[in-house]
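# Close look at the chain arrangement
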Amino acid sequence: VPGKAELLDLMLDAVYQQMPRTELTGMSWRDKVSAIADENRAMLARHGWVVGVPTTRPPLGPGMMAKYEHELSAFDGLGLTDLEMDAALTHVLGFVDSVSRIASESRAAAADSGESDDQWWQRVGPLLDSVLDAERYPLAVRVGAAAGQTHHSAYDAAHAYDFGLARILDGFAVLIDRRGP
């Protein structure tokens with residue numbers, strides 16, 4: 001292997017080749033796209049290093065091509081143009097990458113500090129309360145408190161994933177329903 005970039009390409013293509021792929025036949029388009037998102041989320045959780053590998057110039061090996069073909073099949077037959085299918089897939093994968101990256105950073109912060117998010121908030125919460133002016137920032141205080149009480153942290157990757165994927169699918173529905181198969 002000539003260098004690190006080529007080694008990473010080979011490693012990434014191997015991960016893509018080994019990814020479990022859901023049989024999409026007979027599923028609704030929403031379930032197909034959700035399965036694609038779930039597959040990628042699981043792969044990124046198993047192989048955390050992948051989150052840090054730039055894929056703007058993806059490895060063009062057999063793993064990548066099999067992954068791309070499989071993922072595009074979730075959008076096939078929905079009345080989308082080829083460019084729209086590629087853009088929709090790119091949007092879903094970008095969302096999954098973003099949520100997975102933040103989840104990975106949260107796990108790393110907990111490992112580095114030895115504190116869970118809940119423990120960290122319990123420690124820094126009183127400091128925040130002492131410096132945050134609730135009259136000046138009432139919306140931030142109210143919404144932040146609601147999120148913190150619900151998630152026991154500032155961010156919950158599972159909630160962000162479920163909420164975000166549902167909104168993405170709702171947005172795609174507008175385009176797909178307008179076009180029809």
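Before any of the text, the structure's been laid out above.
Just so you know, these numbers come straight off a predicted model, no measurement behind them.

The subject of this paragraph is the nonpolar core. In terms of nonpolar packing, the biggest core is built from 37 residues, with Trp29, Phe75, Val92 and Phe172 touching the most fellow members. For this core, the secondary structure elements donating two or more residues are helix H1 (4-18), helix H2 (29-46), helix H3 (62-72), helix H4 (82-113) and helix H7 (157-179). Among all residues touching Trp29, those that are not within four sequence positions of it are Ala74, Leu78, Leu169, Phe172, Ala173 and Ile176.

Okay, the packing of H3 against H4 next. Where H3 contacts H4, the axes come no closer than 10 Å and their chain directions differ by 105°. With respect to H4, the axis of H3 lies roughly perpendicular. Within the contact between the two elements, H3 uses Lys67, Tyr68, Glu71 and Leu72 and H4 uses Met85, Asp86, Leu89 and Leu93. In the contact of H3 with H4, the residues fall into 5 nonpolar, no polar and 3 charged.

Let us look at H4. Because each turn of an α-helix spans 3.6 residues, side chains separated by three or four positions in sequence point in the same direction. Between its terminal C-alpha atoms H4 stretches 46 Å, which fits the 46 Å expected from 32 residues at 1.5 Å a residue. For H4, the set of buried residues is Glu84, Met85, Ala88, Leu89, Val92, Phe95, Val96, Val99, Ser100 and Ala103. Its buried side turned inward, H4 meets H2, H3 and H7. Gly114 lies just past H4 and shows a positive phi near 75°.

Turning to the environment of Ala110, a few remarks are in order. Tracing the chain through its elements places Ala110 in helix H4. Residues Ala110 and Arg142, spaced 32 residues apart in sequence, show a C-alpha to C-alpha distance of 26 Å.

We now examine the packing of H1 against H3. Contact geometry for H1 and H3: axes closest at 7 Å, N-to-C directions at 45°. Comparing the axis directions of H1 and H3 gives the class oblique. Along this stretch, H1 crosses H3, giving a crossing that reads as left-handed. Here H1 contributes Asp13, Tyr16 and Gln17 to the contact with H3, which in turn contributes Pro62, Gly63, Met64 and Lys67. Its residues placed into classes, the contact of H1 with H3 shows 3 nonpolar, 2 polar and 2 charged.

The topology assignment puts Lys67 in helix H3. Of note is the side chain of Lys67, whose polar atom sits 3.0 Å from the side chain of Asn40. Beyond its immediate stretch of four places on either side in the chain, Lys67 contacts Tyr16, Met19, Arg21, Asn40 and Leu93.

Examined against the element boundaries, Leu93 turns out to sit in helix H4. For Leu93, a relative accessible area of 23% corresponds to the partly exposed category. When sequence neighbours within four positions are dropped, the list of residues in contact with Leu93 reads Ile36, Asn40, Lys67 and Glu71.

This next bit is on the packing of aromatic side chains. In the structure shown here, the tally under the stated rule is 3 aromatic pairs. Ring geometry for Phe75 and Phe172: centres 5.9 Å apart, planes at 75°, overall edge-to-face. Of the two residues, Phe75 sits in the loop between H3 and H4 while Phe172 sits in helix H7, which places them 97 residues apart along the sequence. Using a relative accessible area of 12% as the deciding quantity, one classes Phe172 as buried. Taking the ring centre of Tyr161 as reference, the NZ or CZ of Arg41 above it sits at 4.0 Å. Its end group placed over the ring of Phe163, Arg167 keeps NZ or CZ at 4.9 Å from the ring centre.

Reading the values: rules and limits
- Residues numbered from 1 in each chain as written.
- Predicted model: local features only at pLDDT ≥ 70, side-chain atom pairs only at ≥ 80, totals over all residues.
- Heavy atoms only, no water.
- Core = buried A, V, L, I, M, F, W, Y, C linked by side-chain atoms within 4.5 Å.
- Buried < 20%, exposed > 50% of the residue type's maximum accessible area, 1.4 Å probe, protein only.
- Helix = DSSP H or I, 4+ residues; strand = E, 2+ residues; numbered from the N terminus.
- Contact = heavy atoms within 4.5 Å.
- Axes fitted to C-alpha atoms, helices over the stretch in contact; angles between N-to-C directions.
- Parallel < 35°, antiparallel > 145°, perpendicular 65-115°, else oblique.
- Nonpolar A, V, L, I, M, F, W, Y, C, P; charged D, E, K, R; others polar.
- Expected span 1.5 Å × (residues − 1).
- Left-handed = near helix turned anticlockwise from the far one by under 90°.
- Polar contact = N/O pair within 3.5 Å; in protein donor to acceptor, adjacent residues only side chain to side chain.
- Phe/Tyr/Trp six-rings, centres within 6.5 Å; stacked < 30°, edge-to-face > 60°.
- Lys NZ or Arg CZ within 6 Å of the ring centre and 35° of its normal.

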